[in-house]
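# Summary of structural features
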Amino acid sequence: MTATIDLTLDCTNAQLLAGFRKTALGYVDEPRPPPFRTREEWLAQFDLPEDESAEDGAWLCHPEGTGPRLTILKVPEPKTAKNRLHIDIRIPADGEPAQRWARVKAEAERLVAAGGTILAEDEGHHVVMADPEGNEFCVAAAAA
């Protein structure tokens, strides 16, 4: 038996992080689960505390249904240490090494413009970045 995975990311501002991850990954808001008409209606079945709302979470998916689903949930505690698991964003690997590295750098700069931060570079291989809440991820070329 094989399994599928969802990735869940804890945060303090779900909508901010969802916007960044949609830009970074090309993901879209996941449609509401049937038979519910709205995400709020779906959440009502879980009897959430009164101070929690649909804005405290975001559910994203690949527009073609490939790749893992990404759930982003607001939690009360801040991030305190380096991620033990992070997302690698892979760009196309075609072309010469210098061309691939230029595309990696361009993607990193695009994500800086969207609110990310460059933390480190491994010249010619990958760029370590952080999203607006400090969650680390890497930008690198896909396997050839």
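Structure's up top.
Residues numbered from 1 in each chain as written. Predicted model: local features only at pLDDT ≥ 70, side-chain atom pairs only at ≥ 80, totals over all residues. Heavy atoms only, no water.

Our next topic: the environment of Asn13. Position of Asn13 among the secondary structure elements: in the loop between strand S1 (6-11) and helix H1 (14-25). Overall, the relative accessible area of 34% leaves Asn13 in the partly exposed class. Considering only alpha carbons, one finds Asn13 and Glu133, 120 residues apart in sequence, at a separation of 8.3 Å. (Helix = DSSP H or I, 4+ residues; strand = E, 2+ residues; numbered from the N terminus. Buried < 20%, exposed > 50% of the residue type's maximum accessible area, 1.4 Å probe, protein only.)

In space, the four strands of this open sheet follow the order S1-S4-S3-S2, with mixed pairing throughout. Two strands lie at the open edges of the sheet, namely S1 and strand S2 (28-29), each paired on one side alone. Pairing analysis gives two bridges linking S2 to strand S3 (residues 57-61), with the strands arranged antiparallel. Bridge assignment links Asp29 to a residue of S3, and that residue is Leu60. Relative to the sheet, H1 contacts S1, S2, S3 and strand S4 (69-74), its axis offset from that of S3 by approximately 15°. (Pairing = 2+ DSSP bridges. Contact = heavy atoms within 4.5 Å. Axes fitted to C-alpha atoms, helices over the stretch in contact; angles between N-to-C directions.)

Bringing the pattern of salt bridges into the picture now. Pairing of side chains with opposite charge becomes possible as their charged atoms draw close. In this structure the tally under the stated criterion is eleven salt bridges. The partner of Asp88 in a salt bridge is Arg90, with the nearest N and O atoms 3.6 Å apart. Accessibility expressed as a relative area gives 36% for Asp88, which makes it partly exposed. Taking the relative accessible area as the measure of exposure, Arg90 reaches 47% and is therefore partly exposed. One salt bridge connects Asp94 with Arg103, and the closest N-O pair in it is separated by 3.5 Å. (Salt bridge = Lys/Arg side-chain N within 4 Å of Asp/Glu carboxyl O.)

This part is about the sheet that holds strand S5 (residues 87-91). With mixed pairing, the four strands of this open sheet are ordered in space as S5-S8-S7-S6. Two strands in the sheet have a free side with no partner beyond their single neighbour: S5 and strand S6 (117-122). Taking each pair of neighbouring strands and ignoring which way they run, the sheet shows an average axis angle of 25°. Judged from the five bridges that link them, S6 and strand S7 (residues 126-130) form a sheet pairing that is antiparallel. Its bridge partner being in S7, Thr117 is matched across the sheet by Ala130. The strands touched by H1 are S5 and strand S8 (136-141); relative to S5, the strand with the most contacts, the crossing angle is about 35°.

Our focus in this paragraph is the packing of aromatic side chains. One pass over the structure, following the stated rule, counts two aromatic pairs. Plain terms: the ring middles of Trp42 and Trp59 are 5.6 Å apart, the flat faces sit at 85° to each other, and that makes the pair edge-to-face. Of this pair, Trp42 sits in helix H2 (residues 39-44) while Trp59 sits in strand S3, and the two are 17 residues apart along the sequence. No difference in accessibility class separates Trp42 from Trp59, as the two residues are buried. (Phe/Tyr/Trp six-rings, centres within 6.5 Å; stacked < 30°, edge-to-face > 60°.)

Our next topic: the packing of H1 against helix H3 (residues 97-113). Running from amino to carboxyl end, H1 crosses H3 at an angle of 160°, the nearest separation of the two axes being 10 Å. Comparing their axes, H3 and H1 come out roughly antiparallel. Handedness of the crossing formed by H1 with H3: right-handed. On H3, the residues touching Phe20, Thr23 and Ala24 of H1 are Glu107, Arg110 and Leu111. Broken down by class, the residue content of the contact of H1 with H3 amounts to three nonpolar, one polar and two charged. (Parallel < 35°, antiparallel > 145°, perpendicular 65-115°, else oblique. Left-handed = near helix turned anticlockwise from the far one by under 90°. Nonpolar A, V, L, I, M, F, W, Y, C, P; charged D, E, K, R; others polar.)

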